[in-house]
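Coordinates in review
The lines below spell out each chain.
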Amino acid sequence: MRRLPALSAMKVFEVVGQTRSFTRAAELLNLTQSAVSRQVRNLEEQLGETLVIRRHHHLELTPSGAELLASLQHAFHTVEMTVRNIREKSNLRRLRINVPPTFAKRWLMPRLMSLRAFLPDVDLSITTDLEDNLSERGMLDCAIRFGDGEWPSLRSERLFTERHIAVCAPHLIESLQNDEAIDLSRFTFLHVLASADQRYLTWQRWLDAAGLAETDTQGGLEFDLLDLVIEAACNGLGVAVADRSMVAPLMQTGALTQVLDVEVEGHESYWLVTRTDRALSPHVEALRRWLSRELSEGSLPPLKQISA
């Protein structure tokens, strides 16, 4: 048997830690303030450690209290997700898919009515949390991932490879004369971050293809999501290099315009990712057919399968 304090006391402490208030915690838990305070005091006595410092108008957590709170939040979240997963397994109508944020907004959302019409009897759950995975305990039925297609123990089917073009708000280049060459050094470069201290090389590769390899791109604005780069470009903050399929609707409406007639194939692609330890469910198979149809109508190559 595990020698742990009472689960009820740990749950009370979690709420106290989140709210930093006995009064607010009591309201949320439908208990009296004295009952909440007593539960926390009992927990402290069992642990032999002070968890909460009681100030006049607020509470503070001790280092031990903060450590316990973080552990409890993680544990309760795991339990909650497991319980939800067990309950959701009985819902045979639901298709759970995780997709990158920019793909969700720029590619999937404009086509969501089409997907709903193709799967009229399916309830969709679409998430963009990058931590979602296809592990055995996960709730996802499938995912769309951006990368090289190589994920251990997963089946990957290529949807399309990025085609990079440079775009900006039309007013940034409207002042140029028809015969005037575009000097990119006049503009602010908008960059996507691969990590906190490293940019993706999309700008440099595009400039190489355009014969402008010597252009200085050290300055500019940086964002951790391509979607934010696209928004910044729409707002006239600078010039961005983005996948054509993500910005095509914005170019059609006139929110963005292409800068120079240069297009470069990216080094990574979007992939439909599924498990290899089980057959595709009817819902995932239907989603796969819909994706294939959409890509075919868009004159993109058919799905190419790569299994781990």
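Keep in mind the model is a prediction, meaning the values are calculated, not measured. (Residues numbered from 1 in each chain as written. Predicted model: local features only at pLDDT ≥ 70, side-chain atom pairs only at ≥ 80, totals over all residues. Heavy atoms only, no water.)

**Some remarks on the confidence of the model for the protein chain**
Applicable threshold: Note: pLDDT gives the predictor's confidence per residue, expressed from 0 to 100. Pairs of residues are marked as contacts when any of their non-hydrogen atoms sit within 4.5 Å.
Confidence along the protein chain averages 87 in pLDDT terms, with 90% of residues attaining 70 or more. Counting contacts from residues 299-308, a segment whose pLDDT is below 50, to residues more than four positions away or on other chains yields 30 contacts.

**Observations regarding the packing of aromatic side chains**
As a reminder of what qualifies: The pairing test for Phe, Tyr and Trp rings, Trp by its six-membered ring, is centres within 6.5 Å, and the orientation test on the planes gives stacked under 30 degrees, edge-to-face over 60, and tilted for anything in between. For helices the rule is a DSSP run of H or I covering at least 4 residues; for strands it is a run of E covering at least 2, with both sets numbered from the N terminus onward. The buried label applies to any residue whose accessible area, calculated with a 1.4 Å probe on protein chains only, is under 20% of its type's maximum; exposed applies above 50%, and partly exposed to all values in between.
Tallied over the entire structure, the rule returns nine aromatic pairs. Aromatic pair Phe103 and Tyr270: ring centres 5.2 Å apart, planes at 40 degrees, arrangement tilted. In this pair, Phe103 sits in helix H5 (residues 101-108) while Tyr270 sits in strand S12 (residues 264-275), placing the two residues 167 residues apart along the sequence. Note on Tyr270: relative accessible area 4%, which makes it buried.

**Comments concerning the environment of Asp224**
By the secondary structure assignment, Asp224 is in the loop between strand S9 (221-223) and helix H9 (226-234). Asp224 gets classed as exposed once you look at its relative accessible area, which sits at 56%. For the pair Asp224 and Val192, spaced 32 residues apart in sequence, the C-alpha to C-alpha distance is 5.7 Å.

**Brief notes about helix H1 (residues 7-19)**
The line we're drawing: By this rule, a helix spans an expected 1.5 Å times one less than how many residues it contains.
The end-to-end C-alpha distance of H1, which contains 13 residues, comes to 19 Å, matching closely the 18 Å that a straight helix rising 1.5 Å per residue would cover. Once H1 ends, the next one or two residues include Arg20, with phi positive near 55 degrees.

**Some details on the pattern of salt bridges**
Stated precisely, the cut-off is as follows: A carboxyl oxygen of Asp or Glu within 4 Å of a side-chain nitrogen of Lys or Arg is what we treat as a salt bridge.
Inspection of every chain in the model, using the stated rule, returns 16 salt bridges. Here Arg54 and Glu44 are joined by a salt bridge, their closest N and O atoms 3.4 Å apart. You can see Arg54 sitting in strand S1 (residues 52-54) and its partner Glu44 sitting in helix H3 (residues 33-47), a full 10 residues away along the chain. Residue classification places Arg54 among the partly exposed positions, given a relative accessible area of 36%. Where salt bridges share partners, they join Lys105, Arg106, Asp227 and Glu231 into one cluster.

**Some details on the pairing of strand S6 (residues 154-168)**
Under the convention used in this document: Here the rule is simple: two strands pair whenever DSSP picks up at least two bridges between them.
Counting buried positions along S6 yields 14 of 15 residues, so the element is predominantly enclosed. Note: S6 against S12, nine bridges, orientation antiparallel. Bridged to Glu157 within S12 is Leu272. Sheet topology places S6 next to strand S11 (residues 257-258); two bridges connect them, and they run antiparallel. Among the inter-strand pairings, Val167 is bridged to a residue of S11, identified as Gln258.

**A look at the side chain of Thr217**
Topologically, Thr217 is positioned in the loop between helix H8 (202-209) and S9. Excluding residues that lie within four positions of it along the chain, Thr217 makes contacts with Phe189, His191, Arg199, Gln204 and Leu207.

**A look at the nonpolar core**
Under the convention used in this document: For the purposes of this section, nonpolar cores are sets of buried Ala, Val, Leu, Ile, Met, Phe, Trp, Tyr and Cys residues that join through side-chain atoms within 4.5 Å.
In this structure, Phe103, Trp107, Leu159 and Leu287 are the most contacted members of the largest nonpolar core, which totals 38 residues. For this core, the element with the most residues is helix H11 (residues 282-297), which contributes six residues. Residues Phe13, Phe22, Val36 and Leu68 belong to the second largest nonpolar core, which totals 20 residues.

**Quick word on unusual backbone geometry**
Its identity as a non-glycine residue notwithstanding, Arg20 has a phi of 55 degrees, on the positive side. At Leu260, a position not held by glycine, the phi torsion is positive, near 65 degrees. Considering the arrangement of structural elements, one finds Leu260 in the loop between S11 and S12.

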